[in-house]
Structure formats: structure tokens, C-alpha cells
Amino acid sequence: MLSRLCAQQQPATLTQTPAVVKFNKRIARRLDHFRAPHTLASPTEKKPPRFENLDLSKSMLKALSQAGYETPTPIQAELIPRALDGIDVIGQAQTGTGKTAAFGIPIIDDLEPRSEVAGPQALVLVPTRELAVQVKNEITKLSEGQRVGCVAVYGGKPIRSQIEKLNRNAQIVVGTPGRVLDHIGRGSLRLNDLWCVVLDEADRMLDIGFRPDIEKILKRCPKDRQTLLLSATLPPTILRLAQRYMYKPETIDCSPAELSVETIEQHYFTVDQGRKFDLLLRLIEQEQPKQAIVFCRTKRGTERIHNQLSQRIKGTACIHGDMQQRARDRVMSQFREGKVRYLVATDVVGRGIDVSSISHIINYDIPQFCDDYVHRVGRTGRMGREGVAFTFVTSEEGGELTKIEQRINRLLIRGEIKGFESQQTSRTSVSEKPKPPPPTSLMRRPPRKHRRRL
Ligand code: AMP
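One structure accompanies this document, and this report is about it. (Residues numbered from 1 in each chain as written. Predicted model: local features only at pLDDT ≥ 70, side-chain atom pairs only at ≥ 80, totals over all residues.)

Ranked by size, the top nonpolar core spans 63 residues in total, and within it V124, L125, I172, V174 and V198 carry the most contacts. Among all residues touching V174, those that are not within four sequence positions of it are V124, V126, A132, V135, K136, C150 and A152. Core analysis: the next-biggest nonpolar cluster, separate from the first, contains 44 residues, V294, F295, A317 and V331 among them. (Core = buried A, V, L, I, M, F, W, Y, C linked by C-beta atoms within 7 Å. Buried ≥ 20, exposed ≤ 12 C-beta atoms within 10 Å, placed from the backbone. Contact = placed C-beta atoms within 7 Å.)

Next up, the structure:
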């Protein structure tokens, strides 16, 4: 790698255009980092994190202050200096931690002028359309006053307008793997000028089945690019991907000790399947959420609950993967504006939602996978705000509840609303203060004796 980087350095005789100066600076920093990999301050000896200490340009500092970002979040303080050094990084961080700005800031700050580099310079791969829009919006906010060309490409939107935008000198492309591959195939997205690729929410992309598409894309990107991988969890599949497609990545772990955000109060209710809807109504009446997402497991279930809810309550909407993109965008903007107060959603779509006024998460159906629980609950309590999460559990779902508790290493508080106890629960006694689960491997099936009986 070092020899490859040295060979890349521009000959001294080349005109010192801003692009060449930036290029040389980036290569020099990367070489320095590999020669003296420990020059980054260790967490204990670090100065208190400040954007001013991160070697950012004046225009970036101005954009950050306009965005109201006063101090870097932990993932930003760790990732930005490494990303500016040009090295590959695996960052373990959930959504809501400021991870988008963590990779967005160094990319924007290192962009070469449009006049000198024709093709896109950075590619960000994301699992969902909503996240593509969100990442694009964040990048636009952070590049305020800098005329950065950022284009989001994702399925469900006419490809022609995306091609036009890509042709207008896009510098950063954010997209879902399928649509990105489509553009590469059509020749509307050229990869030769890329120097940075980001895999955002990598675990989710693999869950959805994007692995083959991601690999096809990575194989076509320049070999000497920088790769940044962001993921809430680092299962072996992610590590294998990193091993194949990243160069000596440094791993930074900014996952909280407890996987669910600490400020979020988490309760569960045992309830019979047939009484869930009434419990939902009662909870809404009792809690009066500022804004809530009601998570269901299936698209049909999402529609059904939304239909029932909209007959009783104003300000409801639903969102799931079978809806037209235009309808999804409309629902999301109404939710952001606060016109929609109760959003009934499926996991895939709900995952990318970043609205800071969500006060309540209601898991109408307990999630199938523990990771989904973490992501659902993480929609509230954004940036340290308080939030509450309720999970409905039927008598057959005690095992799922225990798995979630083991995953987050915390017991959910049992909530009770008179008249809504599960039939089964009243017959089977549930210990009021169950012992905390032992610190087992998070991936392992919980031992039988720790499974919650409902
Ligand atoms: P993310 O984890 O990228 O989804 O970011 C969550 C939210 O935090 C977004 O609304 C960002 O605009 C906001 N944010 C990111 N970094 C900061 C920061 N340093 N200070 C304040 N807000 C931030």
C-alpha cells in the first residue's frame, strides 16, 4: 500500500492546482498515519473534543456553527481525524449518534474542485430510500455556502431525472445498492474519480440481502480508494466483508455500553393478540405522545392497524415498502413537519426515520430480530432527548422478549394497564423482579431457565 501511495504522489513539476495540493496533502497524511500509526491521541489523553481541534477548514467550521453543532459527538471525534488521514475505518455506531456527519464532514472538506475532477468523488451506500434522502439532506446542510453537488439515487423514483443530476457534476452520490448498480450499468455513474466509499448501516444492508450488489460495486471502485464502514453491530459477515474490501481498517467502537439509548424508558405489556388494538388506543389516550411510531411486523398488518387507527384518531399515517416512493416521501415530510402525529410503520422503512420530536415508540408487534428492537427504539431519544418505548408481548412471545433483554443487557419494565393482562399471564406467575440475564454472548440463544414465561 505504501509503495502504491508513494507512486501516486504527483510529480513536483505538475502545476500546483488546488486539486493537486489537496491530493498531495491527503496522500501525505495517509503515509504519515501508516508510518506513525499511534499519533492519534488515545481516548484518555485527548483534549476535550472541539470541532476547532479537528483540522477542519474555516468554511466547514462556519457550516457547523450554522447547523448548530457545537461539539462533536463521540463517533465524530473519533472518525473525523482518521477519515481525514485517508485510512480505512470501521465505526461501530448506531443511528442517532451523529454518524452521518462523522463521515460527511471529512468528505466535504476533502472534495476537490468541480472544475478539476469531473466524476463523483465519494459514494455513500445506504440500505433504504429514506436514509438516502436523510444523508443527502445532512450533507447539503453541512456544505452550506460551498456549492457541493450531492445527488441521492434510489429505486422508486424516475431514473431519468437522477441521470440528469448525475450528469450535472455530482461530487457525492448517496444511494441504495440496487439503484447504484443500475446507474453503473447504464454508464450514468462513473467510478474512476472516487476516492472514498462509505458503507452506511452496513449490518442492515447485509440483512436486507444487498451483499452481492455491494460486492459488485466495491469490485468496480478504484483500488486505492478509502473505505469507511459504519454499522450498529459487527457480526462475522461484516468483518468478512471488511477483510475482503478494506485496507488495514482501524476499528472504533462508539456503541453505547447498553445497546439501547440510556435515556429511553423501556416497558413491555403482556397482552392477548385480540386485545392489542384496544391496548394501543388506551396507551395513546394515557400517554398523549407528542409524536409516535407504531411498529408492525408486516406490510399488511401495518395497513390494517393504520386503517383502524385512522377511524378513531386524527393525524395518523402509515409507511411501508410496498407504497409508491412519492407517497412515502409525502408521509415522511408530513411526519417531519408534525402534521402526522402517529406513524404506523414496518421495520425496513422505520429504521431510517430521524425526527427528533418522536416521544414514543410502540412495538405493536414484537420485532422478529433483536437488532430491529434496538433500531426501532433508537428512533426516539435522539441526540440525548428523553423517550419512551412500549413493547406488546403475547403469551407465546416470552422467548423473544428475553432475547431482546439479553441483547440490550437490561430488563424491560413490566407495564400494567387494568383490564389488559394476558389471560395466560394471570395463570402463570411472572416473577416481579427477575434476575438480570447472565453476561452471555449476545448472539447465543438464552439458556432455558432465563427465558421469560408469560
Ligand atoms: P445521525 O446519527 O447521523 O442520524 O444524526 C442524528 C441527528 O443528530 C441528526 O439530526 C443530525 O443533524 C444531528 N447531529 C449530528 N451531529 C451533531 C452535533 N455534533 N451536534 C448536534 N447535532 C448533531
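What follows covers the sheet that holds strand β10 (residues 316-319). If you walk across this open sheet you meet the seven strands as β10-β11-β9-β12-β13-β8-β14, and the pairing is parallel. Each of the sheet's edge strands pairs with one partner strand only, and the pair in question is β10 and β14 (413-414). (Pairing = 2+ DSSP bridges. Helix = DSSP H or I, 4+ residues; strand = E, 2+ residues; numbered from the N terminus.)

Glancing now at the site of the ligand. Neighbouring the ligand are 15 residues; Y69, G98, K99, T100 and A101 lie closest to it. Here the element with the most residues in the shell around the ligand is helix α5 (residues 99-110); it accounts for three residues. Of the residues that constitute the shell around the ligand, the class distribution is four nonpolar, seven polar and four charged. If you count residues domain by domain, the shell around the ligand takes at least three from each of domain 1 (15-30 + 53-253) and domain 2 (264-414). (Near = placed C-beta within 6 Å. Nonpolar A, V, L, I, M, F, W, Y, C, P; charged D, E, K, R; others polar. Domains from an automatic or database assignment.)

Before going further, it helps to examine the pairing of strand β3 (residues 150-153). Burial of the side chains of β3 extends over both faces: C150 and A152 are buried on one face and V151 and V153 on the other. Both β3 and strand β4 (residues 172-175) contribute to a ladder of four bridges, which runs parallel. Considered in β4, the bridge of V151 is made with V173. Once the chain exits β3 it traverses helix α7 (residues 159-167) before rejoining the sheet at β4, and the crossover so formed is right-handed. (Right-handed = clockwise from strand over helix to strand, strands pointing away.)

By the secondary structure assignment, I238 is in helix α11 (residues 236-245). With 33 residues separating them along the chain, I238 and M205 place their C-alpha atoms 10.0 Å apart. Not counting residues within four places of it along the chain, the set of residues in contact with I238 comprises A202, D203, L206 and S231.

Our next topic: the packing of helix α8 (residues 177-186) against helix α10 (residues 211-220). Contact pair α8 / α10: the axes reach a minimum separation of 9 Å and the direction vectors enclose 40°. Between α8 and α10, the crossing angle belongs to the class labelled oblique. Considering the relative orientation of α8 and α10, their crossing is left-handed. Mapping the contact onto sequence places P177, G178, V180, L181 and I184 in α8 and D213, I214, K216, I217 and R220 in α10. A class-by-class count of the residues in the contact of α8 with α10 yields six nonpolar, one polar and three charged. (Axes fitted to C-alpha atoms, helices over the stretch in contact; angles between N-to-C directions. Parallel < 35°, antiparallel > 145°, perpendicular 65-115°, else oblique. Left-handed = near helix turned anticlockwise from the far one by under 90°.)

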